[in-house]
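Chain and residue survey
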Amino acid sequence: MSRISPAHALLALVVVAVWGTNFVVIRVALDALPPLLLATLRFSLALAPAFLFLPRPRVALSNLAGYGLLIGAGQFGLLYIAMNGQISPGLASLVVQTQVFFTIGLAMWLTGERLRAFQAVAVLVSAAGLAVVGWHTDATTTATGLLLVLGAAATWAGGNILTKRAGSINMVAYVVWSSAFAVPVLFALSLAMEGWDAIVGGVRQATAGVWVAVAWQSWANSLFGYAAWNWLLSRYPAATVTPLALLIPVFGMGASAVWLGEPLPAWKLAAAALVIGGLAINLWWPRAAAGTAVEAEAAR
């Protein structure tokens, strides 16, 4: 089945909206909690109590541990630190999507595959968007924040490689059980870098809204998002489902503008157009080329 039904298209849109608007939710939680403590709590709730109901996926412990460390301490640890005053939520939602290109680069490094022409064009277009962001660093988006989010994208890419090596598994269980390796490392980092007083103070001043934000990241963003997205991927070709992921930064920047008042000047919209354009080239070029080849063959 290649044509997605309206109900399933709506489900995909809900997942993308949850993933995109989660950057605003992160910003709300960071108003009370130190970033590494927030990451610790996020993965703690993703782990418990779900691990009591989901059997451990049949994958090597080294793979689970690697994924937990790359996604927990790497992707979200770096992302939360960056979003704690170093980069705006909208731009964070945009820049972190460069994980696509980091994933391509890692896969090529591991397999020896060469960069294809359309991939080079896609990278250059998105890199131009990042250059626009870097050129406009200010009090709300610093060079350090940009580098931290790029680091988050790179570690996300490493997690993608491990996911691919894990094979066909229950991805929700994979996320849940890998969190067991992320939590102790994140807590140790929080204790070492943020200190016990900041941890206790953050927990004490956290309002009900902050705890809802933490739970939203754990259950809606991680568990529901992965479960629904992978269910859709099991029913439809990846080429049918994955293009909708291009809307994640659209929701991220839109939600940040509406709820947090993040300005959207022309340079920021241009940067978004370039980054998303690069992602779109990488995603659709092979499909368009394949379609052209089929048409040419049929015309003979």
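From a predicted model like this one, the values you see are computed outputs, not experimental measurements.

**Thoughts on the packing of aromatic side chains**
Under the counting rule described, the total for this entry stands at six aromatic pairs. Measuring from centroid to centroid gives 5.9 Å for Phe51 and Trp177, while their planes differ by 90°, and the two rings are edge-to-face. Of this pair, Phe51 sits in the loop between α2 (35-47) and α3 (61-83) while Trp177 sits in helix α8 (residues 171-193), placing them 126 residues apart in sequence. Under the relative-accessibility criterion, Phe51 is labelled partly exposed at 30%. By relative accessible area, Trp177 is classed as partly exposed at 22%. With centroids separated by 5.8 Å and ring planes inclined at 65°, the aromatic side chains of Phe76 and Tyr80 adopt a geometry described as edge-to-face. Residue Phe76 and its partner Tyr80 are both found in helix α3; the two are separated by four residues, about one turn of the helix. In terms of burial, Phe76 and Tyr80 fall into one category: buried.

**Brief notes about the nonpolar core**
Leu33, Leu38, Leu79, Met83 and Tyr174 are the most contacted members of the largest nonpolar core, which has 64 residues in total. In contact with Tyr174, other than residues within four places in its own chain, are Pro57, Val59, Asn63, Leu64, Tyr67, Leu162, Thr163, Ala166 and Ile169. Within the second largest apolar cluster, ten residues are counted, among which are Ala12, Trp229, Leu232 and Val241.

**A short note on helix α12 (residues 248-260)**
Structural remark: α-helix, 3.6 residues per turn; residues separated by three or four positions point the same way. The terminal C-alpha atoms of α12 lie 17 Å apart, and with 13 residues this matches the ideal 18 Å at 1.5 Å per residue to within 8%. Listed in full, the buried residues belonging to α12 are Ile248, Pro249, Gly252, Met253, Ala255 and Ser256. Seen from one end, α12 has its buried residues packed into an arc of 165°, which puts them on one side. Looking one or two residues beyond α12, the residue adopting positive phi is Gly261, at roughly 70°.

**Here we look at a nonpolar patch on the surface**
Side chains of Leu10, Leu13, Val14 and Phe224 sit close together on the surface and give an oily, nonpolar patch of about 310 Å² of accessible area. The element best represented in the nonpolar patch is helix α1 (residues 6-30), accounting for three residues. With respect to the helices, strands and loops of the structure, Leu10 is situated in helix α1.

**Regarding the pattern of salt bridges**
For the structure shown, the criterion picks out two salt bridges. Across the salt bridge formed by Asp31 and Arg27, the nearest N and O atoms sit 3.0 Å from each other. Assessed through its relative accessible area of 18%, Arg27 is described here as buried. Between Lys268 and Glu262 there is a salt bridge, with its nearest N and O atoms 3.0 Å apart. Considered together, Lys268 and Glu262 belong to a single accessibility category, that of buried residues.

**Here's the deal with the side chain of Thr21**
Residue position: Thr21 is located in helix α1. In terms of polar contacts, Thr21 uses its side chain to reach the backbone carbonyl oxygen of Ala17, at 2.7 Å. Filtering out sequence-adjacent residues up to four positions away, Thr21 remains in contact with Phe251, Ala255 and Trp259.

**Concerning the environment of Gly68**
Its place among the elements puts Gly68 in helix α3. Along the sequence, Gly68 and Ile161 sit 93 residues apart, while their C-alpha atoms lie 13 Å from each other. Look past the residues within four positions of Gly68 in its chain and what remains in contact with it is Ala73, Ser178 and Ala182.

**A few points about the environment of Gly225**
Structurally, Gly225 can be placed in helix α10 (residues 208-235). Using a relative accessible area of 1% as the deciding quantity, one classes Gly225 as buried. Separated by 42 residues in sequence, Gly225 and Trp267 have C-alpha atoms that sit 31 Å apart. Discounting chain neighbours no more than four positions away, the residues touching Gly225 are Val15, Trp19 and Ala220.

About the criteria used
Residues numbered from 1 in each chain as written. Predicted model: local features only at pLDDT ≥ 70, side-chain atom pairs only at ≥ 80, totals over all residues. Heavy atoms only, no water. Phe/Tyr/Trp six-rings, centres within 6.5 Å; stacked < 30°, edge-to-face > 60°. Helix = DSSP H or I, 4+ residues; strand = E, 2+ residues; numbered from the N terminus. Buried < 20%, exposed > 50% of the residue type's maximum accessible area, 1.4 Å probe, protein only. Core = buried A, V, L, I, M, F, W, Y, C linked by side-chain atoms within 4.5 Å. Contact = heavy atoms within 4.5 Å. Expected span 1.5 Å × (residues − 1). Arc of directions from axis to C-beta. Patch = residues over 30% accessible without salt bridge, like charges linked within 9 Å, V, L, I, M, F, W, Y side chains within 5 Å. Areas by Shrake-Rupley, 256 points an atom, 1.4 Å probe, with all protein chains shown as cover. Salt bridge = Lys/Arg side-chain N within 4 Å of Asp/Glu carboxyl O. Polar contact = N/O pair within 3.5 Å; in protein donor to acceptor, adjacent residues only side chain to side chain.

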